[in-house]
Amino acid sequence: DTEVTQTPKHLVMGMTNKKSLKCEQHMGHRAMYWYKQKAKKPPELMFVYSYEKLSINESVPSRFSPECPNSSLLNLHLHALQPEDSALYLCASSLHWAGSLAKNIQYFGAGTRLSVL
Amino acid sequence: AQTVTQSQPEMSVQEAETVTLSCTYDTSENNYYLFWYKQPPSRQMILVIRQEAYKQQNATENRFSVNFQKAAKSFSLKISDSQLGDTAMYFCAFIPTQGGSEKLVFGKGTKLTVNP
């Protein structure tokens, strides 16, 4: 089972709204990732959590706030977004941050299509 | 800096034929993974095939196989007996397995269309 589940599939929000994206995996993976993807472009890394601790923040604006409540769950809290933040947001997970040779094989969810009006 | 280059922005192939997507990369690392991910219009990024750099044997997954040339830093994907469901964006990606940056480095992608 290599399933990463993201909800919601689609989200429309105004610039003053607060919303959250959710990502869940039950593969025992200890690294989880948020990516932003614009149309016809590769994914861009936003955040990495390793063992529930934030290990990488790619200079993402503070209107995006990640949270990792436990090893299976990753949230992305959104507040005061701009229209240019409209994109596909992908979550991924991988086995370990260090150790196993398979540690860096990332499995992706189906994404949340976000539109900011 | 590590880079991945996919020189074919778009390709098309007739159903049942074979197509090869090219990918080159640049790194000073000796140990790393290479991947091909497929992203159909349904948008899920699906891992198609992976290759460990220390393995000389080319990886194969059913109709998908790679031609890994480590010295040339080339990692092409061959799709045999193309099917309509193979229509998708294909991303080549690289990640080191030890130390350094643990970030996936993606190419810009190749849009593949399989025609009936």
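In what follows, the accompanying structure is described. Note that the structure is a prediction, hence the values are computed from the model and not measured.

**Considerations on the layout of surface pockets**
And then number 1: Of the voids in this model, the largest pocket is the one considered here, and its volume is about 340 Å³.
And then number 2: Residue lining of the largest pocket: 17 residues in total, with A:Lys40, B:Gln39, B:Pro40, B:Pro41 and B:Met89 positioned closest to the centre.
And then number 3: Taken together, the elements giving at least two residues each to the lining of the largest pocket come down to β10 (88-96) and β12 (110-115) of chain B.
And then number 4: By residue number, the principal contributor to the lining of the largest pocket is β10(B), which donates three residues.
And then number 5: Of the residues belonging to the lining of the largest pocket, the class tally is eight nonpolar, three polar and six charged.
And then number 6: Size it by volume and the second largest pocket reaches roughly 210 Å³.
And then number 7: As for the second largest pocket, its lining consists of B:Leu47, B:Val48, B:Ile49, B:Arg50, B:Gln51, B:Glu52, B:Lys55, B:Gln57, B:Asn58, B:Ala59, B:Thr60 and B:Glu61.
And then number 8: Those elements giving two or more residues to the lining of the second largest pocket turn out to be β6 (46-52) and β7 (60-61) of chain B.
And then number 9: By residue number, the principal contributor to the lining of the second largest pocket is β6(B), which donates six residues.
And then number 10: Looking at the lining of the second largest pocket residue by residue, the classes come out as four nonpolar, four polar and four charged.

**Observations regarding the sheet that holds strand β8 (residues 73-79) of chain A**
All names here are of chain A.
And then number 1: Pairing is antiparallel in the open sheet, where four strands are placed in the order β1-β3-β8-β7. Looking at which strands have only one partner, the edges of the open sheet turn out to be β1 (4-7) and β7 (64-70). Across the sheet, the axes of successive neighbouring strands diverge by a mean angle of 20°, strand direction being ignored.
And then number 2: Note that strand β3 (residues 18-25) and β8 share seven bridges and pair antiparallel. Bridged to Glu24 within β8 is Leu73.

**Examining the interface of chain B and chain A**
Interfaces are often sized by the amount of accessible area the parts lose when they come together.
And then number 1: Tallying the contact residues gives 21 residues for chain B and 27 residues for chain A.
And then number 2: Counting the surface lost from both chain B and chain A, the interface buries some 2000 Å², and carbon and sulfur atoms represent 57% of this.
And then number 3: Across the pair B:Lys103 and A:Glu58 runs a salt bridge whose closest N-O atoms are separated by 2.8 Å.
And then number 4: Connecting chain B to chain A are seven residue pairs in polar contact (both at pLDDT 80 or more).
And then number 5: Those elements that provide at least two residues to the side of chain B that touches chain A are β5 (32-39), β6 and β10 of chain B.
And then number 6: Top element by residues in the side of chain B that touches chain A is β5(B). It accounts for four residues.

**Digging into the state of the cysteines**
Residues and elements named next belong to chain A.
And then number 1: As enumerated under the stated definition, the model contains two disulfides over all chains in all.
And then number 2: A disulfide bridge connects Cys23 with Cys91, and the sulfur atoms are separated by 1.9 Å. When the S-S torsion is -70°, as for the bridge of Cys23 with Cys91, the disulfide is left-handed. Of the two residues, Cys23 is situated in strand β3 and Cys91 in strand β9 (residues 87-94); the sequence distance between them amounts to 68 residues.
And then number 3: On the basis of relative accessibility, which here comes to 0%, the residue Cys91 falls in the buried class.

Thresholds, definitions, all that
- Residues numbered from 1 in each chain as written.
- Chains lettered and ligands numbered in written order.
- Predicted model: local features only at pLDDT ≥ 70, side-chain atom pairs only at ≥ 80, totals over all residues.
- Heavy atoms only, no water.
- 1 Å grid on protein atoms, 1.4 Å probe; cavity = no way out; pocket = protein on both sides within 12 Å on 5 of 7 lines; lining within 4 Å.
- Points joined across faces, edges and corners; volume = space filled by probe spheres on them.
- Helix = DSSP H or I, 4+ residues; strand = E, 2+ residues; numbered from the N terminus.
- Nonpolar A, V, L, I, M, F, W, Y, C, P; charged D, E, K, R; others polar.
- Pairing = 2+ DSSP bridges.
- Axes fitted to C-alpha atoms, helices over the stretch in contact; angles between N-to-C directions.
- Contact = heavy atoms within 4.5 Å.
- Buried area = accessible area lost by both parts, 1.4 Å probe.
- Salt bridge = Lys/Arg side-chain N within 4 Å of Asp/Glu carboxyl O.
- Polar contact = N/O pair within 3.5 Å; in protein donor to acceptor, adjacent residues only side chain to side chain.
- Disulfide = S-S within 2.5 Å.
- Buried < 20%, exposed > 50% of the residue type's maximum accessible area, 1.4 Å probe, protein only.

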